[in-house]
Amino acid sequence: MKDVQSLGIGTLVQIAETLESIVGRCFGPHGGQVLFTKATGEVLLTRDGKQIFTSLLLDHPVARVLVDCISVHCSVTGDGAKSFILLLSALLRGLQASVGKGTAGQTTCHRSLNRGKQVSHELRRVANCLLTFQTHVLEGIIQQHLGQHVTSLFSHDGRTTGKDKLQSIMEAYFCGKTGRAHCRLLSALACDYYFKCNCEGNRVGALSLICEHFSELHTTVTGLPVSSSQILEGLVLHRDFTVHCPTDGQLNIVVVTEPIQPSFSASGTTLHLGSDSQLQSCYSWISDRVEEMMNSLHQSQVKLLLSSVKQSDLVLSYAKLRGISVVECIEEDELALFCSCSGASPLASSSDVLQVRQEQLAGAVFCRPVLLGSHRYAHVRLLPQTVFAPHCLVLCGTVPGLSEQYVSAFHGAFCMLRRTLNVVLVNQCRVCFSDVAPGSSSRPGQSESLVEAGSMLPVGGSFEFLLQHYLKLYSTQSLHPDTKTACDLLAEAVLNIPRTIYRGKGTNRRFLQVYTEFKNEIQRKAQRKEGPVLYESVSCKYQLLLSVLQCLRTLVAADFLIHVGEKTLTVTERDSEDSDSFC
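Here is a short report on the structure shown in this document. Computed from a prediction, not measured in an experiment: that's the story for all the values here.

## Let's talk about a nonpolar patch on the surface
- A contiguous nonpolar patch, built from L35, V43 and L45 and spanning about 280 Å² of accessible area, is present on the exposed surface.
- When its relative accessible area of 55% is taken as the criterion, L35 is described as exposed.

Given below as structure tokens:
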């Protein structure tokens, strides 16, 4: 068929290597930036892997599938876009070489015709073996061997997060995301934000709240250096006061989601007026009703009205007379975060204004305008109601591209930290890992910790070197050929990450030196201590392996690409389009 294209392993390797070449030069602590220029003249300078991939104009469907897989992975771990494509490219190259060896001896005409089907079948078989290998072998290696090398993010009592260790894992993250210039400043700011929000009280819950509502918990300021970034106590609502009445001391706040001013008639009904006097009577009744509502709020000591909709001039006028500040047209997500942090529920209807209950009132220390850059917002500091203490992160950047990069990096940092502080459980179907550790056994039906919460390893390839060492050890002792193949494929592929880190001027000399030193230290069971150590998350690294293996299985499962042309319209659809075009 003309619109059907065969999809072989060579095409997959070519596409993956093309994406690898784009991000390879901005990978690692010494990596550079990628410059994008748009047709409008807009310039984007970044080293954020996910932003680089999503900014590319990709025509090939496989490339778009790859970027989708990378985006899903980054949404879970907050990082790993560049490592994803490096590991996937190495696996595809290894898979191509492995399958090529298995079919290299086929020379007859009949076998030549069926070679494509055999290669496709072998690719699927090896990819399925890798997934089975992950649950049956890889989990055991991670749990029993890498676990003895990890460092905990927590202090010696195991209850509190060590500030120095938190700073080290954050600094390593920002170094990879934004470069070395401001990584210490950004990591210190992230640590301060973590502790000021009292995340220690409920680590996973607080970090989940930050990740889900980060757009509401930060404000971007363009035109200032990143050193001007700061943390403001309380919430910054990204709207200015429509009515501002300065207040002293504590105050009550109510949230409304409907117009307070009643309408002339109910929805679906018609109001018939016979004279001007009847119209004036209606206006008078509405005015009295609004005045009664605002007096009721004033008696409840309400000093701030937050509204998701625009209120009428009459409501604003009476609010100003009663000393009630008003902020209108607040985003739904911002109001949801406000209600979550304050413990107050919004008023269900405008009639509830006359009978405000205590659970509908939010207490605040102050509400005042704040000027951030060229914009003025409403700044509210709430009375403590929950363990989480909301703060607003003000992130500055000299140009829009830099400020967006910092925002993305901070959001990803807290997603990474949330993943690090979660326990990764063992798959219950894992078999006994007895080839390397005789006498060990799995406990079916019982959940075990695969990666403990807060597990970290030094940056610079520690995870990859350790994993490669134990995979090779397992391969030499395993008798199953598929297991040996999976071990060898993954062991060689993971080295592509540190090889890219230490690659200098096109040679592997530095990589070989570091790799040899690390192998010697593993054999001597020595600990690496070379001054201040930066760390990376073990659970995020393990998730990277899972995401890449799943993506690999998805790619090799496809045999053909079918190009679908423009849909042929029926006569009725063409007539409908023609009529719409003349409207």
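## Considering the packing of helix α6 (residues 163–178) against helix α7 (residues 183–196)
- Axis separation between α6 and α7 bottoms out at 8 Å; the angle between their running directions is 130°. Relative to α7, the element α6 is oriented oblique. Remark: the crossing between α6 and α7 carries right-handed chirality. The segment α6 lies against α7, with K163, L166, Q167, M170, E171, F174, C175 and T178 engaging C183, R184, L186, S187, A188, A190, C191, D192, Y194 and F195.
- Looking at side-chain class alone, the contact of α6 with α7 contains 11 nonpolar, 3 polar and 4 charged residues.

## Considering the sheet that holds strand β4 (residues 151–152)
- On the basis of which strands lie adjacent, the open sheet formed by 3 strands has the order β4-β16-β17 and antiparallel pairing. Each edge of the open sheet is held by one strand with a lone partner, namely β4 and β17 (535–537).
- Sheet analysis places strand β16 (residues 455–458) next to β17, joined by 3 bridges and oriented antiparallel. From the neighbouring strand, P458 faces β17, where its bridge partner is Y535.
- Strand contacts of α6: β4, β16 and β17, with the helix running at about 80° to β17, the strand carrying the most contacts.
- The sheet contacts of helix α18 (residues 538–556) involve β16 and β17, and relative to β17 the element is tilted by about 50°.

## Quick word on the pattern of salt bridges
- Evaluated as defined, the whole model comprises 18 salt bridges.
- Its salt-bridge partner being R381, residue E233 comes within 3.2 Å of it at the nearest N-O pair. You can see E233 sitting in strand β6 (residues 230–233) and its partner R381 sitting in strand β12 (residues 375–382), a full 148 residues away along the chain.
- Taking the relative accessible area as the measure of exposure, E233 reaches 38% and is therefore partly exposed.
- A salt bridge links K541 to E464; the shortest N-O distance between them is 2.7 Å. Here E464 lies in helix α14 (residues 462–477) and K541 lies in helix α18, a separation of 77 residues in the sequence.
- Taking relative accessible area as the criterion, K541 reaches 10% and is therefore assigned buried.
- In this structure, a network of salt bridges that share partners links the residues E17, E20 and R93.

About the cut-offs
Residues numbered from 1 in each chain as written. Predicted model: local features only at pLDDT ≥ 70, side-chain atom pairs only at ≥ 80, totals over all residues. Heavy atoms only, no water. Patch = residues over 30% accessible without salt bridge, like charges linked within 9 Å, V, L, I, M, F, W, Y side chains within 5 Å. Areas by Shrake-Rupley, 256 points an atom, 1.4 Å probe, with all protein chains shown as cover. Salt bridge = Lys/Arg side-chain N within 4 Å of Asp/Glu carboxyl O. Buried < 20%, exposed > 50% of the residue type's maximum accessible area, 1.4 Å probe, protein only. Axes fitted to C-alpha atoms, helices over the stretch in contact; angles between N-to-C directions. Helix = DSSP H or I, 4+ residues; strand = E, 2+ residues; numbered from the N terminus. Parallel < 35°, antiparallel > 145°, perpendicular 65-115°, else oblique. Left-handed = near helix turned anticlockwise from the far one by under 90°. Contact = heavy atoms within 4.5 Å. Nonpolar A, V, L, I, M, F, W, Y, C, P; charged D, E, K, R; others polar. Pairing = 2+ DSSP bridges.

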